[in-house]
Structures are given as C-alpha cells and as structure tokens.
Amino acid sequence: MFTVPDPRCSVSPVVRHGSCRLLVHINGTAYSLARFATATPAWRLTKQSPDDQPASYIAAVNEHGLPACSCPDHQVRGAQCKHLGALLAAGLLPAPVPKARSRKRRSRRAPAQAVKS
Ligand SMILES: [Zn+2]
C-alpha cells in the first residue's frame, strides 16, 4: 500500500545521485542532446553513429523568437530541418507563435474622387 508522506514532516527527502543522458533518434540516427545554460532554450545535438561523419549542430530560438539550427539544411536552404522538427515535436523548443495580422491594410481601390458641383 502506498502512503502519502506528511507534508509537516521535517525530514529532508532522500536525494538519489546518478547520471542521465538525453538522446533523440532522428530517422534512425541517434543524437545526444546537451542544453546550454541560456535564458531561451538552446541545444547542442551531436550525432552518435560511428559510421557517419561526426556532426554537431546547435538548435535554439533566435532573436526573432523563431527556432533556428546551425545545420546546412536550415542555414543554406532555410528549411525547418529534421533537428528542429525533432526538438519541436519533443517539446524541447517552443513552437513559433504566428504573428498577429495587422488590422491596418492598405486599400487596393483608388481613393474616391470628390465631386464638384
Ligand atoms: Zn538542423
């Protein structure tokens, strides 16, 4: 039977020590993740496959509040790369907030002409 500890109890909880490692698998390739100690989320993804070329990328939220990655797919092609897709799907990067549309729109019609009498 499970019992709930008395919150008034003054005994400190037992803290277990150990190590952990955060991995994400993208299309069958494992990447280790290390979070930077920054105000906005930023991650280093390091490819773990011994068969592939070593690669390490940084994925973070940029100054415009949008997710960005240092990989060529994002830097050269401007795509939302697989790294960003994985971190967004896992909730490790915040989803970009769409900009609100401005209510001020320029009219496409010509301004009405004043009629003189
Ligand atoms: Zn990327």
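Worth saying up front: this structure is predicted, and the values here are computed from it rather than measured. (Residues numbered from 1 in each chain as written. Predicted model: local features only at pLDDT ≥ 70, side-chain atom pairs only at ≥ 80, totals over all residues.)

Undergrad: Just checking my understanding: could you explain the nonpolar core for this structure?
TA: The tendency in soluble globular proteins is for nonpolar side chains to be buried as a group. Core analysis: the biggest nonpolar cluster contains 12 residues, these being Y31, W43, L45, Y57, A59, C69, C71, C81, L84, A86, L87 and L93. When contributions to this core are tallied by element, the ones reaching two or more residues are β3 (42–47), β4 (56–61) and α2 (82–89). Sequence-distant contacts of L45, that is, excluding residues within four places in its chain, are made with Y31, L33, S56, Y57, A59 and H83. (Core = buried A, V, L, I, M, F, W, Y, C linked by C-beta atoms within 7 Å. Buried ≥ 20, exposed ≤ 12 C-beta atoms within 10 Å, placed from the backbone. Helix = DSSP H or I, 4+ residues; strand = E, 2+ residues; numbered from the N terminus. Contact = placed C-beta atoms within 7 Å.)

Undergrad: Looking at this model, I keep getting lost on the environment of I26. Mind explaining?
TA: Tracing the sequence through the fold places I26 in strand β1 (residues 22–26). Here I26 falls in the partly exposed class, since 16 other C-beta atoms lie within 10 Å of it. Measuring from C-alpha to C-alpha, the distance between I26 and K82 comes to 7.1 Å, with 56 residues separating the pair along the chain. What I26 contacts, discounting residues up to four positions off in sequence, is Y31, K82, H83 and A86.

Undergrad: What's the story with the pairing of β1 in this structure? I'm lost.
TA: Remark: a regular strand shows side chains that alternate across the two faces of the sheet. Little of β1 is tucked away, with zero of its five residues classed as buried. Here five bridges tie β1 to strand β2 (residues 29–35), and the two strands are oriented antiparallel to one another. When the bridges of β2 are listed, L22 appears paired with L33. Connecting β1 to the next strand, β2, in antiparallel fashion are two residues, including N27 with a positive phi near 50°. (Pairing = 2+ DSSP bridges.)

Undergrad: Is there a simple way to explain the environment of L33 in this structure?
TA: Mapping L33 onto the fold places it in strand β2. The spatial distance from the C-alpha of L33 to the C-alpha of K47 is 9.2 Å, given a sequence separation of 14 residues. If near-sequence neighbours (up to four positions away) are discounted, L33 is found in contact with L22, L23, V24, W43 and L45.

Undergrad: Quick question: what am I supposed to make of the sheet that holds strand β5 (residues 67–69) here?
TA: Sheet strands line up and pair through hydrogen bonds in the backbone, either parallel or antiparallel. As summarised here, the arrangement of the five strands in space is β1-β2-β3-β4-β5, forming an open sheet in which the pairing is antiparallel. Looking at strand neighbours, the two that pair on one side only are β1 and β5, the edges of this open sheet. Across this sheet, the average inter-strand angle for adjacent strands is 25°, counted without regard to direction. As defined by bridge partners, β3 adjoins β4 across five bridges and the pair is classed as antiparallel. Note on β4: the bridge partner recorded for A42 is A60. (Axes fitted to C-alpha atoms, helices over the stretch in contact; angles between N-to-C directions.)

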